[in-house]
Amino acid sequence: MNQNNSIPDISGDDYLKVLVCSANVGNAEPTPTSFGAWVPYDGEINGPLTNTPYPVGQDEINLSVGPYAAANCNGNSQEGIVQSLATTNEKQKFDIIVLGMQEAAFVNKQKKDKELLDTSIDSISNNVGGDDTASSNNNNNNIAALSPPKSKGFKNPLKKGAKKAAKAGMVMRGISANQTYKRDTASMRNITGALTVDVLGYDNNKLNNLIKTTLPSYEMVTSSLRGEMRLFVLAHSTLAEDISEVYVGAENTGIGSIMANKGGIIVTFVLRDMTRFSFMTCHLEAHEGMTHYTNRNKNLAEILGGAKTDPVYNMQDATITSHHMFLCGDLNYRIKFSEYEAKKKKRSRAKKALKMSFRGPAGLKMSVNKGSQGLMKRSVSMESEKDEEAVEEEVVANKNAMGGEGDSPTKMGGGDEEEAATGEGGEKKDEPANGSHFDQAKALVKAEDWKALNGGDELAVALKQKECLVGFSTLPCHWPPTFKVARGEGYQYNEKRTPSYTDRILWKSAEGMTNNVIPFLYEPCPDFITSDHKPIRGGFAVKLNKCRPPHNQNLSDSVITQDAKDHPVEQQIQILVSDMKCTNLPIMDNELIGGLSDPYVKFVSSPKELLYSKAWPSSSIITKNLNPVWNENYHLTMDGNGMENGLAEGAMFMLTVVDYDATSGDDVIGTVALNLNELVSELDLSGAGSSDEVQETHISKPILRNGQEYGMLECKLKTAFLAPKEVKSFLSGAKHVKTATKTSWKSKMQAFTGLAIS
């Protein structure tokens, strides 16, 4: 064991070792060998650590994006941590294993092909008249016509039809079916709709068998199926009983926000009653270009807002209420190089469009591909300043309107979600659509210039500009891009797509807990051969929360006063909120009623018992204001009954800004979540401290909701640990003090009407 005090011992019970695995399965059944190349047998840590060609070192930590880079893990040597785990005498295993899958729906291929062929033959038979002999002859002729001799470049229409039918059926499952198993209830909910259990069962059984065979020492905490998306959370058998409060939520962002070919699943649970974890897998909108980039950012907010996992905290999303949240999936963010390269790409596409088109009526051009489908397109000029992705989107829209197979973000999912742009529609597969853009990426991969490749990563840009997942961190991908590759070993990139880091893992920790997560493994799995993505996996050590000792527990009887013995829980945490204001709040009201907001603040605690009493205490409502200032000071008393076992390190104090709506339910604007332990870090919670101890904290933080910022909140917090008789003195210097209570209907109506209501 490494004795360096600067390197924490993450092999003990103080740390939870988490493995997060993400794979776009490509709607193809993974082989046991491929699955084993992705998920280490029985959760072993030593093998992946010692064999990885891409070790996580201090350089990776320094180049990470998000709060973790700034915290820098207190300067802990990542190499030392990895060495400590890899060389320990005991065989180390992961405690929690999370498997996030996208496009993870498939059927029995042999059975599927036979049934679809029989269906096609029956259809021909039903449409051919005459006697049995003539019908039989006609059937044979039609079958022969559908199955001409194979030649170079020939595509069997039956095979293509079978593929599309299978994809449509699997995506339909996102509307009519979902499955969730939770260990704590030992119950399975099946909503199968019009689909049969047999259709739902084949891929489920195959994946479950692979998991059981690969991870024999683990128990399933929960598994959730949502269309083509899956999330499995497993715990080592020695830890499973310590898990409670398991919640699952999901949100679709596919076609019409109904189809589950895109969307996400979130699982939340509490470990040892102290540490709340959330895990999310998602599949975001595909394709290159600014429109799709923006939609990906929106997808993330939609999933976080729709997949609420905890009924106690339904105003806040999992990024707020979790002590640690991990997010993985096919995020579809692409690599985008310099403006010069983008212009070259635009010229290349415009040139290709001109070559493939002719002049049509009304000033339009019609492009004809080898699939003999018309494609309406406006005139494209080599000197056009229109964004190349906008041209592409216009082409897709026109093609969809003509009944074609547009390369659109709403295309029904499948392993080749971007097939239309890779030759399925009859384009030349040997002609790169990306031109020098693809060549530049491929050259950087060959040179192993990971820094340059990461420099064009859209996700890193989005995180830095706070356009999504505010507060999340991710390591740089110092390995080859995972998309889009040929199904097989290694990295053979499809020339129709810029090689990109679409498959990612991120994490976020609550206020004051950033250093509690230590990443020690992050790598792709090139030996996974059945998908056009290469899966990835990440290993993390997470320091678990404990309790500050309850009143008097850490003191000897000799120093405990008789009064403290008689009233062991008399003291309570007192909070005075003053100088509270918000700036740059979003417009929440309809323009017809002013187009502003009517904000007020709810004071929320975790654990709930500290502040909740039939409702959360609230401030007054300020009407029609995007920059409200509260002149009152708000006094809060935290119930000592929520601290019987001491104040948990994970205790939180949240200020949730809400927009009052007189005609419907109030709308949450966002939340500022604070670490309660930091707010009382200077106080003696043993009960033997002086009543003069007061801690002041100035707050100025962004208001967050669904991973995005919605203005700023500022205030001053004074905290003290006092008996009831000492509270008056604590409040004596403050003016306009109000005891924060539930916002009454009278105050709401007064805010709405502007009239005093007695």
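Here goes a summary of the coordinates provided.

Calculation criteria
Residues numbered from 1 in each chain as written. Predicted model: local features only at pLDDT ≥ 70, side-chain atom pairs only at ≥ 80, totals over all residues. Heavy atoms only, no water. Helix = DSSP H or I, 4+ residues; strand = E, 2+ residues; numbered from the N terminus. Expected span 1.5 Å × (residues − 1). Buried < 20%, exposed > 50% of the residue type's maximum accessible area, 1.4 Å probe, protein only. Pairing = 2+ DSSP bridges. Axes fitted to C-alpha atoms, helices over the stretch in contact; angles between N-to-C directions. Contact = heavy atoms within 4.5 Å. Salt bridge = Lys/Arg side-chain N within 4 Å of Asp/Glu carboxyl O. Disulfide = S-S within 2.5 Å.

Some details on helix α10 (residues 290-306)
Consideration 1: An ideal rise of 1.5 Å per residue puts 24 Å on 17 residues; α10 measures up with 24 Å between its terminal C-alpha atoms.
Consideration 2: Among all positions of α10, only His292, Tyr293, Arg296, Asn297, Asn299, Leu300, Ala301, Ile303 and Leu304 are buried.

Examining the sheet that holds strand β14 (residues 503-509)
Sheets are built from strands paired through backbone hydrogen bonds, the pairs being either parallel or antiparallel.
Consideration 1: With mixed pairing, the five strands of this open sheet are ordered in space as β7-β8-β9-β10-β14. Every interior strand has two partners, whereas the edge strands, β7 (243-252) and β14, have only one. Recorded for the sheet is a direction-independent mean angle of 15° between the axes of neighbouring strands.
Consideration 2: Examined bridge by bridge, β7 and strand β8 (residues 263-271) share eight bridges and lie antiparallel to one another. Its bridge partner being in β8, Ser244 is matched across the sheet by Val270.
Consideration 3: Most of the contacts of α10 go to strand β9 (residues 275-283), to which it runs at about 135°, and overall it touches β7, β8, β9 and β10 (324-330).

Here's the deal with the environment of Asn631
Consideration 1: Within the fold, Asn631 resides in the loop between β18 (599-606) and β19 (633-638).
Consideration 2: C-alpha of Asn631 to C-alpha of Lys735: the two residues are 104 residues apart in sequence and 9.2 Å apart in space.

Thoughts on the pattern of salt bridges
Consideration 1: Within the structure shown, the criterion is met by 14 salt bridges.
Consideration 2: Between Arg276 and Glu245 there is a salt bridge, and its shortest N-O distance comes to 3.8 Å. Taken together, the positions of Arg276 in strand β9 and Glu245 in strand β7 put the pair 31 residues apart, joining distant regions of the chain.
Consideration 3: What makes Arg276 buried here is its relative accessible area of 10%.
Consideration 4: The residue Asp310 makes a salt bridge to Arg276 at a minimum N-O spacing of 2.9 Å. Taken together, the residues Asp310 in the loop between α10 and α11 (318-321) and Arg276 in strand β9 connect sequence positions 34 residues apart.
Consideration 5: The exposure class of Asp310 is buried, given its relative accessible area of 6%.
Consideration 6: One salt-bridge network, held together by shared partners, links Glu245, Arg276 and Asp310.

Points about unusual backbone geometry
Consideration 1: Cis geometry marks the peptide bond from Phe483 to Lys484; its omega dihedral reads -5°.
Consideration 2: By secondary structure assignment, the location of Lys484 is in the loop between α16 (458-464) and β14.
Consideration 3: Going from Ser606 to Pro607, the amide bond is cis rather than trans, its omega being 10°.
Consideration 4: Inspection of the secondary structure assignment puts Pro607 in the loop between β18 and β19.
Consideration 5: In this structure, Leu469 takes a positive phi of about 45° despite not being glycine.
Consideration 6: In this fold, Leu469 is placed in the loop between α16 and β14.

Some points on the state of the cysteines
Covalent bonding between the sulfur atoms of two cysteines defines a disulfide.
Consideration 1: Counted according to the given criterion, the structure contains zero disulfides.
Consideration 2: Cysteine Cys21 shares no disulfide, and the gap to the nearest cysteine sulfur, in Cys525, comes to 7.0 Å.
Consideration 3: The exposure class of Cys21 is buried, given its relative accessible area of 0%.

Observations regarding the pairing of strand β15 (residues 517-524)
Consideration 1: With eight of eight residues buried, β15 is to be regarded as a mostly interior element.
Consideration 2: Where β15 and strand β16 (residues 536-543) come together, seven bridges link them in antiparallel fashion. Residue pairing in the sheet places Tyr522 in a bridge with Gly538 of β16.

Focus: the environment of Ser729
Consideration 1: Assignment of secondary structure puts Ser729 in helix α19 (residues 727-731).
Consideration 2: The class for Ser729 is exposed, based on a relative accessible area of 57%.
Consideration 3: When the C-alpha positions of Ser729 and Asp692 are compared, they lie 9.2 Å apart, and in sequence the two are 37 residues distant.

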